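Structural overview
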Amino acid sequence: MKSLHYFLTLLLVSGITFAQQITISGTVTDGATGDPIPGVNIVIKGTSTGTQTNLEGHYNIQSKNGDILTFSFIGYDTEEIEVKKDRAVINVSMNIAAGQLEEIVVVARGAQRKRIAVGSAVSTISSESVSLSKAESRRMRKERKKPNTSLNRVLRGKVAGVSITNNLGNIKSDNSIRIRGAGSISASNQPLFIIDGVPVDKKNIAKIQHLDPAKIADVKVVKDNQAIALYGSRAAHGCVIITTHNGNYKIENNESYYEIVENSFEKVQTSPLSTFSIDVDKASYSNVRRMINNGQQIPADAVKVEEMVNYFEYDYKQPTGDHPFAIHTEYGKTPWNKETQLVKIGIKGKEIPQDAIPASNLVFLLDVSGSMNQANKLPLLKRAFKLLVNQLREKDKVSIVVYAGAAGMVLQPTSGVNKNEINQALDNLSAGGSTAGGAGIQLAYKIAQENYIKNGNNRVILATDGDFNVGMSSDKDMKTLIEEKRKSGVFLTCLGFGMHNYKDSKLETLADKGNGNHAYIDTMQEAQRVLGKEFGGTLYTIAKDVKIQVEFNPAEVQAYRLIGYENRLLADEDFVDDTKDAGELGSGHTVTALYEVIPVGVNSNYLKHIPDLKYTDPQITKNYGDELLTVKFRYKKPQEDKSIEMVHVLKTKENIASKDFKFAASVAWFGMKIRNSKYITNRDINDIIALAEENRSKDNQGYRAEFIRLMNSYQML
């Protein structure tokens, strides 16, 4: 009976608690100016439940009567407000933190390297305290014990308010670290670990706990609201900041790529149309080059064959008609399969002289989080952007937004003639903190819209390793955000930097959905190419929503296979649907697509038997003579919403394949070899190298020669 009474009481209490759930909303503003503050962290005190303000400073959070909401943002005093059941709207005015604003904000901006001024909320353990004393070492050797060399030993008994407990009483299990004695037994009460500026995923905490103290320079433990102010809601249970002597500790390779399922052969009689969005991105080639040069294994999904082919220039003639494009086609033998033929479709965009490009409104959105604190990230980024700055004109203007634990503007809109001022702002940047990429994107688009130039070149240029970990971070969230922002008419360029935690999948999503392009910069040579030589193509769009649809003549072609573009395929009906998003083409850009086709009369193992059709006539009733295929091409002008169509026919007349054709084939062949494609019968890399060498042709910049050197290096991996 007592048990039943206890159960009913518990049920009643639970119901009351549930009934007290309140949706709290409001706006957070600057106390001095009244302006909304985006990216403010709102956390229910004592929990990890939290949210952030949006671009207009608005927020919503589920809470209950009696909860304490903590409002924190870098450079402002933290506010705490109690939730009351009769108050569903809580507007907050935040005041600049006296004596702390400069110290904290410069860390996010990277203006100079200063210690974070968070006073008593920080406990520091020096390298001397980390190391074993001589007496300890002698005692360990005498007792023949292995020293307890772990981070847990470093923290145990040396920081007030930090407790270390062994899970489940098992001496072999990992310990749990709690800051300020959180009462819950949940593992979610573990603090946020940051090593050399890079936040550590929960799955890797055990590796950090067993880190050799000999590698540690110092450890800082940040407690209370200051941890949340610096690193967001992930640090609701405190933060352990570890700095190693080398300053570049790596846990594991945590790069991410979209899964690619290779295109298969399609029968012309059942699938006569092939439809896809163009892709001018070249990131895959420079990323693969980086891996080969570093002696790394190349993930198959990092290889996008179309981006490798499109990395190179081909001798496509400029358009001469009313359209800003010219279509070029040719076909020949497939070098990796004697039974098939290869078709090359090339698109050449009109080259707009730099002085004819409209005035530019550019917002540099730069990642200065801790994960960018490597030589091939932020330092390379700063040098790369100076190449771009040197080409700006007086009528162009640049703003700079940075993001780490939060986002902020470090350069107001500035004329391109003031190059020293812009370059100085770049020089002042340094890395540190977590990565609030979503807040950065919100702020960058806000500034771009406020300074919008009608009929001008309005663009956000995002430079990052793509490792967002505060606020919106998933590919799906980012896709939704960018799809909304592109309605503003602001275009997006994504530039990837670095390795180990490079998020190619996220940057590809952003560029694809943001009416933009994506490049990976691994060297200053690549920076010169993307932001120097190809400045116009990278930054000025001449057409958007560009789609290609190819129809094959069943009298000539049994089956076809589009090589690459797996992430750009469209439904056939999407070709004429102007609401469907597609790729963008910049000034002077070229796009190349390759099809492998099986001619009529050829028996191929790639063709599977299809049962006879009852209602569809398999007989070819029309004669289109020597036509092999028809290319249809649709595009919109940058400021318009109605598409324009072009048509081009490829005929089967005697065809002599050009050197460009054969070189492009060698690049595709190599890409398929790395991917271990099932569609290449000849896998001999020496044959691929020989084909590339024979068809190097004009190579003023040396990129084709470099490609041959890369293939030779790949043999040695």
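Values in this document were obtained by computation on a predicted structure and should not be read as measured data.

Criteria and thresholds
- Residues numbered from 1 in each chain as written.
- Predicted model: local features only at pLDDT ≥ 70, side-chain atom pairs only at ≥ 80, totals over all residues.
- Heavy atoms only, no water.
- Helix = DSSP H or I, 4+ residues; strand = E, 2+ residues; numbered from the N terminus.
- Buried < 20%, exposed > 50% of the residue type's maximum accessible area, 1.4 Å probe, protein only.
- Expected span 1.5 Å × (residues − 1).
- Pairing = 2+ DSSP bridges.
- Axes fitted to C-alpha atoms, helices over the stretch in contact; angles between N-to-C directions.
- Phe/Tyr/Trp six-rings, centres within 6.5 Å; stacked < 30°, edge-to-face > 60°.
- Lys NZ or Arg CZ within 6 Å of the ring centre and 35° of its normal.
- Core = buried A, V, L, I, M, F, W, Y, C linked by side-chain atoms within 4.5 Å.
- Contact = heavy atoms within 4.5 Å.

In this section: unusual backbone geometry. With a phi close to 60 degrees, Asn455 is a non-glycine residue in the positive phi region. Phi angles above zero are rare outside glycine, and Asp545 is one such case at about 50 degrees. Among the structural elements, Asp545 can be located in strand β25 (residues 541–552). Classification of Asp545 as buried rests on a relative accessible area of 9%.

Another aspect to go through is helix α17 (residues 659–674). With 16 residues, α17 should cover 22 Å at 1.5 Å per step; its first-to-last C-alpha distance of 23 Å lies within 8% of that length. Among the 16 residues of α17, 13 are classified as buried, and the element is accordingly described as predominantly covered. Two residues or fewer after α17 comes Asn676, characterised by a positive phi angle close to 60 degrees.

Here 3 strands make up an open sheet; going across it, the order is β4-β1-β7 and the pairing mixed. Of all the strands in the sheet, the pair left with one neighbour each is β4 (58–64) and β7 (92–94). Across the sheet, the axes of successive neighbouring strands diverge by a mean angle of 35 degrees, strand direction being ignored. As paired elements, strand β1 (residues 21–30) and β7 share 3 bridges and run parallel to each other.

Ordered by their spatial adjacency, 5 strands build an open sheet running β15-β26-β28-β18-β17, and the pairing between neighbours is antiparallel. Both edges of this open sheet fall to β15 (266–267) and β17 (325–333), since each of them pairs with a single strand only. Judged from the 2 bridges that link them, β15 and strand β26 (residues 557–563) form a sheet pairing that is antiparallel. Across the sheet, the residue bridging to Lys267 is Ala559, located in β26.

All right, on to the packing of aromatic side chains then. Scanning all chains against the criterion turns up 25 aromatic pairs. Seen in terms of ring centroids, Phe552 and Tyr560 are 4.4 Å apart; in terms of plane orientation they differ by 10 degrees. Their pairing is stacked. Taking relative accessible area as the criterion, Phe552 reaches 2% and is therefore assigned buried. One aromatic cluster is present, built from ring pairs that chain together Tyr285, Tyr311, Phe312, Phe663, Phe670, Tyr703, Phe707 and Tyr714. Between the NZ or CZ atom of Arg529 and the centre of the ring of Tyr311, over which it lies, the distance is 3.9 Å. Here the guanidinium or amino end of Arg561 rests over the ring plane of Phe265, the centre of that ring lying 5.9 Å away.

Phe312, Val460, Phe670, Phe707 and Met711 are the most contacted members of the largest nonpolar core, which has 65 residues in total. A total of 10 residues in this core trace back to one element, the largest contributor, which is α17. Listed in part, the 35 residues of the second largest apolar core include Leu366, Ile400, Val402 and Phe535.

This paragraph deals with the side chain of Arg704. Within the secondary structure, Arg704 sits in helix α19 (residues 703–715). For Arg704, the residues in contact, after removing those within four places along its chain, are Phe312, Glu313, Tyr314, Asp660, Phe663, Asn695, Arg696, Ser697, Lys698 and Asp699.

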